[in-house]
Amino acid sequence: MSTAVRLPANTVETLQPEIARFDVERIRADFPILEEKIRGRELVYLDNAATSQKPKPVIDAIVRYYERDNANIHRGVHYLSERATEEYEMARKVVQSFLGAAHSNEIIFLRSTTEAINLVAQTYGRKHVGPGDEVLITAMEHHSNIVPWQLLCEEKQAKLRVAPINDDGELILDEFERLLGPRTRIVAVGHVSNALGTLNPVAIIAKMAHARNIPVLVDGAQAVPRLSVNVQAIDCDFYAFSGHKAYGPTGIGVLYGKASLLESMPPYQGGGDMISSVTFEKTIYNKVPHKFEAGTPDMSGAVGLRAAIEYLNQIGMDNIAAHEHELLAYATETVSDLPGVRVVGTAREKAGVLSFAMEGIHPHDIGTILDQEGIAIRTGHHCAQPVMERFGVDATARASFGLYNTKAEIDALVRGIQKVREVFD
Ligand SMILES: Cc1ncc(COP(=O)(O)O)c(C=O)c1O
């Protein structure tokens, strides 16, 4: 069985001039891990949706930070503390400009997308969601954008409503709009689905929700590494992403929030740096963003994230999006032509992710055989079990692309899948 993905006609052709400037071999040379031999073979890394590999400028920035700049920030008057503070706050400005945010105080450094969504659920959510109220998500969310809302709804006796998706894995917008009711207190939606690759029309979603004065959180974990994102153009209220999926280090993530909302929200965790004064009787909180950054933050992570963003900016997010679009179109065509392969997630608008199933073969077996060939893909439910249920599978095999992947690597994937078939025939 094969399924064709409907990618917009001529998109690749119209983007050709940009791709021509995109020198993938030069980019690959920036990623030391791509030289690793895996089981004696060239590494073909197609697990970018789980985490991306890191370019040398990011690795170097972290090493340089620890060798030359390290001190605790914000609290010291000594030279190194001031320098580390400057580095950390400069990283915030770089993220602000990368996301197109209006102010740097709208950028909160956290551990990850997961922590960012939990923060909004536990602060904005706990303040505004009460018994009988509703939180609206979609049927294609990652567990990180489901469970924090379930916890909130359970605590507040509120209802989690789920907007359905069609057989291609696209959000059914009419149904979504119908679910925006008088009790909806917040909408939380993924920008790009990690399990299906679907690119959601988040600006339209925000418009629909704002027409009813409902704020919108966008989970940008899979979008930020792949697309040019502008939070003001989307007009979302919150936007979350993780550094490690965007060629930056692990341990650092970002929550963007509109300043007026962040200012009105109670703090998330208590501790150092999030206060302006403490007595046993009363604590006065620091201003945003510091109010939400309790304790010593991940300074080297922020420095590494800045280096990652500067690296991405140098290449150009539009060029990266075009390159990945071309890879996805090629992979979709070649993989779905293989006998017995079904692509799961055939939305018209997709980014960087190709999930598939093979008749009679468990995805874990696919992953294990591909691993023998040095090809890293992910198999399982991808932390999106409701999506698996929607498509009637326990798991899928998922190839996800990054800026350093090539068509030759997709050819290797196709040969690997053919080998899987031979083993099982
Ligand atoms: C769409 C999406 N949201 C959220 C997450 C959670 O990211 P993290 O584990 O970095 O918090 C992921 C990770 O795979 C994801 O793909």
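For the structure, check the block above.
Everything quoted here is computed from the prediction, not taken from an experiment. (Residues numbered from 1 in each chain as written. Predicted model: local features only at pLDDT ≥ 70, side-chain atom pairs only at ≥ 80, totals over all residues. Heavy atoms only, no water.)

## A word on the environment of Asp-235
Phase 1 of the analysis: Residue position: Asp-235 is located in the loop between helix 10 (231–234) and strand 9 (238–242).
Phase 2 of the analysis: Taking the C-alpha atoms as reference points, Asp-235 and Val-216, separated by 19 residues in sequence, lie 8.7 Å from one another.
Phase 3 of the analysis: Ignoring any residue separated from it by four or fewer positions in sequence, one finds Asp-235 in contact with Ala-206, His-210 and Lys-258.
Phase 4 of the analysis: Of the polar contacts made by the side chain of Asp-235, one reaches the side chain of His-210; its length is 3.3 Å. (Helix = DSSP H or I, 4+ residues; strand = E, 2+ residues; numbered from the N terminus. Contact = heavy atoms within 4.5 Å. Polar contact = N/O pair within 3.5 Å; in protein donor to acceptor, adjacent residues only side chain to side chain.)

## Considering the layout of surface pockets
Phase 1 of the analysis: Approximately 340 Å³ is the volume found for the largest pocket.
Phase 2 of the analysis: In this structure, the largest pocket is lined by 20 residues; those nearest its centre are Leu-199, Arg-226, Leu-227, Ser-228 and Ala-321.
Phase 3 of the analysis: Considering each element in turn, the lining of the largest pocket owes the most residues, five residues, to helix 13 (residues 317–336).
Phase 4 of the analysis: Its residues assigned to classes, the lining of the largest pocket comprises eight nonpolar, six polar and six charged. (1 Å grid on protein atoms, 1.4 Å probe; cavity = no way out; pocket = protein on both sides within 12 Å on 5 of 7 lines; lining within 4 Å. Points joined across faces, edges and corners; volume = space filled by probe spheres on them. Nonpolar A, V, L, I, M, F, W, Y, C, P; charged D, E, K, R; others polar.)

## Regarding the packing of helix 4 (residues 56–69) against helix 12 (residues 299–315)
Phase 1 of the analysis: Interaxial distance between helix 4 and helix 12 falls to 8 Å at its minimum, and their mutual angle equals 150°. Considering the relative orientation of helix 4 and helix 12, their crossing is right-handed. Of the residues in helix 12, those touching helix 4 at Pro-57, Val-58, Ala-61, Ile-62, Tyr-65 and Tyr-66 are Met-299, Ser-300, Val-303, Gly-304, Ala-307, Ala-308 and Tyr-311.
Phase 2 of the analysis: Class assignment of the residues belonging to the contact of helix 4 with helix 12 gives a composition of 11 nonpolar, two polar and no charged. (Axes fitted to C-alpha atoms, helices over the stretch in contact; angles between N-to-C directions. Left-handed = near helix turned anticlockwise from the far one by under 90°.)

## Side note on the site of the ligand
Phase 1 of the analysis: Taken together, the neighbourhood of the ligand is formed by 13 residues, with Thr-114, Asp-219, Gln-222, Ser-242 and Lys-245 sitting nearest.
Phase 2 of the analysis: Here an oxygen atom of the ligand and a side-chain polar atom of Ser-112 are 3.4 Å apart.
Phase 3 of the analysis: Within the side chain of His-244, a nitrogen or oxygen atom sits 2.7 Å from an oxygen atom of the ligand.
Phase 4 of the analysis: Look at the ligand: alone it shows 390 Å² of surface, and the protein chains cover 86% of it.
Phase 5 of the analysis: Among the residues forming the shell around the ligand, the class breakdown is two nonpolar, nine polar and two charged. (Near = heavy atom within 4 Å. Areas by Shrake-Rupley, 256 points an atom, 1.4 Å probe, with all protein chains shown as cover.)

## Quick notes on the packing of aromatic side chains
Phase 1 of the analysis: Counted according to the given criterion, the structure contains seven aromatic pairs.
Phase 2 of the analysis: Pairing Tyr-65 with Tyr-66 gives two aromatic rings, centres 5.4 Å apart and planes at 70°, and the pair type is edge-to-face.
Phase 3 of the analysis: Judged by its relative accessible area of 1%, Tyr-65 falls in the buried class.
Phase 4 of the analysis: Between the aromatic rings of Tyr-124 and Phe-238, the centroid separation amounts to 5.9 Å while the plane-to-plane angle is 65°, which identifies the pairing as edge-to-face. In this pair, Tyr-124 sits in helix 6 (residues 113–128) while Phe-238 sits in strand 9, placing the two residues 114 residues apart along the sequence. The pair formed by Tyr-124 and Phe-238 is uniform in burial state, with each residue classed as buried.
Phase 5 of the analysis: Ring-pair connections join several aromatic residues into one group, and the members of that group are Phe-31, Tyr-247, Tyr-311 and Tyr-404.
Phase 6 of the analysis: Over the aromatic face of Phe-391 sits the side chain of Arg-390, whose NZ or CZ is 5.4 Å from the ring centroid. (Phe/Tyr/Trp six-rings, centres within 6.5 Å; stacked < 30°, edge-to-face > 60°. Buried < 20%, exposed > 50% of the residue type's maximum accessible area, 1.4 Å probe, protein only. Lys NZ or Arg CZ within 6 Å of the ring centre and 35° of its normal.)

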